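Per-entry structural report
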Amino acid sequence: MAKLAKLDDIVSLCKRRGFIFQSSEIYGGLASCYDYGPLGVELKNNVRKAWWKAVVQMRDDVVGLDCSILMHPLVWKASGHADKFADLICECKKCNTRTRVDHLKDKAEEGAAAQEHIEHVDIEKEVAAQHDLSNKVCPDCGKVGNFTEPMPFKLMFETQMGANVDDSMTLFLRPETAQGIFANFRNVLDTTRVKIPFGIAQIGKSFRNEVTTKAFIFRTREFEQAELEFFCEPGTDDEWFEHWKEQRFNWYLNLGIKKENLRFREHDADELAHYAKGCVDVEYKFPFGSGDWQELEGIANRTDYDLRQHQRGMRTLNAWFEAKGDLAKIELKAEAEEYLKGPLSYFDDVEKKRYIPYVIEPSAGIDRSTLAFLVDAYDEEEVRGEKRNLLRFHPALAPTKVAVFPLVRKDGMPEIARNIYNDLKEHFTTFYDEKGAVGRRYRRQDEAGTPFCITVDGQTLEDKTVTVRERDSMEQVRVATDKLPGHLREKLV
RNA sequence: GCGGGUGUAGCUCAGUGGUAGAGCGUCACGUUGCCAACGUGAAUGUCGUGGGUUCAAGUCCCAUCACCCGCUCCA
């Protein structure tokens, strides 16, 4: 039975073994930013690789992409982020609690049913609009009508392109990787001979100025996403939605996440983004908050919304030039009447029809998954009265696959072990260690999550076999040295 | 952003206004013949940061940064 890890245990293990460090630690740290250490970068790379392999390489119907983080500002006008990716917040003057303006209740409504989920507001309009808060109740202290003026919270990071201050353009760090895929939909269609249904996948950094960050690397302002936009014919979208739900859930299970810690959560209709037809979260039972379920990945049916929006965006280019690049001064142009035949439409050669594809989007957080894999693998057990800490990583995720030891440092054992190490590191991420007692070396590898330890002993000198010790069971088998790569490859699939 | 808590060695933590500590870990040498063994020795501290009070501050005061818990918020 695995021990329930506390977040503090995980944080301290991550530091101790070099998985994750606070960013800029020598300067006192920078809020919500983290660095991956030597073991952490291997782990995170393996999470990426596992996703890429499952979503791109093992499929005939998905191709990859890697877009720039900085994109044309109109991308965010079209996607809606520039207008809507912001919240209007006011603060209670009595207790300083901050609340979204659209979440405040009238005094008369107090105790009424839970509020509806409302999309991010159109910030320019909302700021201009008059808000009568005189009858609103502070959800915290109950004080009525005692609020500061509403203030907008922008959730996108802004930066300037161009070294010349007078001639620079305000750009946004992307708040999601998805839009780069939509913006390249045409390029991929024109260059790769893909046919619908097909998907485009991308892994990369995204940035959001979250109002609050949370729980170690769970919610950070800079984070890594793995997103797939799967394009399909309208009418087949429900089917594909179910397909990807299953695929993505099983991905976590196949990589060793315990079933009891993983679940789906369907979004209620009033919780859905306005463009989404359906959305389900894959949730993991993290050991923080109130031991609560937290989102690892969202799988959404985005319909034809994004491609249609970008067709509108493309039509807005002139207006943008005329407004000298001021996004706030322009409206997205209305959709063309013939939008179904627009530049981002798809022509089906067999059916001889043209349409805007629907999109199923599984969007996973790589940092979140990495944390979930760490938490789920964490275990403590008692062996001969001693505590054994270990990470029961799936072999595909383990930062180091194999460690090689000489049992003792004499009789030529180190030389043989080194030769084995040099041979194996061509095939696997391998680690060599000859310091201290062999038991200690085993335990060090346990805490790094290394699945196999190979030990050269006295018998090796006689018959060229070594012991292969398995992390979880601590059991050993003897294997001929020349059979090692094959033996390990079979176990490490 | 609010409330509560924390911050001293890589980790876990002691530390009463008066010399900076322990356990584990790390390193070196020896020993060792399969699960954190033993011996000897060693290194590692902006006591989160900056001010202040004091003859003297890790300890008291103020500010600030970061993390954790709970709110709030959350594609």
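Below, the structure is looked at part by part. Residue positions are counted from 1 within each chain, in the order its sequence is given. Ligands are numbered from 1 and chains lettered from A, in the order in which they are written. It should be noted that, the model being predicted, local features are given only for residues of pLDDT at least 70 and side-chain atom pairs only at 80 or more, the latter also being counted only at that level, while totals for whole chains, interfaces and linings use all residues. Side-chain measures here rest on the full set of heavy atoms in the structure, leaving out hydrogens and waters.

Quick notes on the pattern of salt bridges
Heads up, the condition is: A side-chain nitrogen of Lys or Arg and a carboxyl oxygen of Asp or Glu constitute a salt bridge if their distance falls within 4 Å. Under the DSSP-based scheme used, a helix requires at least four consecutive residues in state H or I and a strand at least two consecutive residues in state E, with every element numbered from the N terminus.
This model, assessed by the stated rule, comprises 35 salt bridges. Where Arg392 meets Asp472, a salt bridge forms, and the shortest distance between an N and an O atom there is 3.5 Å. With Arg392 in the loop between β20 (386-391) and β21 (402-406) and Asp472 in the loop between β24 (465-470) and β25 (476-480), this pair connects stretches of sequence that are 80 residues apart. Overlapping salt bridges bring together Asp379, Glu381, Arg388, Arg392, Asp446, Arg469, Arg471 and Asp472 as one network.

With respect to helix α1 (residues 7-16)
Helical periodicity: at 3.6 residues per turn, an α-helix aligns residues three or four positions apart in one direction. Put simply, the test is: Relative accessibility thresholds used throughout: buried, under 20% of the residue-type maximum; exposed, over 50%; partly exposed, between the two (1.4 Å probe, protein chains only). This arc is built from the directions going out from the helix axis to the C-beta atoms. Should any heavy atoms of two residues lie within 4.5 Å, those residues are counted as being in contact.
Every buried residue belonging to α1 is among Leu7, Ile10, Leu13 and Cys14, and all of these are buried. Axial view of α1: buried residues confined to an arc of 130°, hence all on one face. Each element contacted by the buried residues of α1 is listed here: β1 (20-22), α11 (366-377), β19 (378-383), β20 and α13 (438-448). Phi turns positive, to about 80°, at Gly18, one or two residues after α1.

With respect to unusual backbone geometry
The peptide bond linking Ile196 to Pro197 adopts the cis configuration, its omega dihedral lying at 5°. In this structure, Pro197 sits in the loop between α7 (185-192) and β11 (198-207). For Lys324, which is not glycine, the phi torsion reads 55° and is therefore positive. Counting through the fold element by element, Lys324 comes out in the loop between α10 (317-322) and β16 (346-348).

Quick look at the environment of Glu335
For clarity, the cut-off: Here a polar contact is recorded for every N or O atom pair within 3.5 Å, except that within protein the pair must consist of a potential hydrogen donor and a potential acceptor, and residues adjacent in sequence are included only if both atoms are side-chain atoms.
Along the chain, Glu335 falls in the loop between α10 and β16. Separated by 25 residues in the primary sequence, Glu335 and His310 place their C-alpha atoms 9.8 Å from one another. Those residues in contact with Glu335, other than ones at most four positions away along the chain, are Arg308, Arg312 and Arg315. Within the local environment of Glu335, its side chain forms a polar contact with the side chain of Arg308, the two groups lying 2.8 Å apart.

Treat this as a map of the structure, not an account of what it does.
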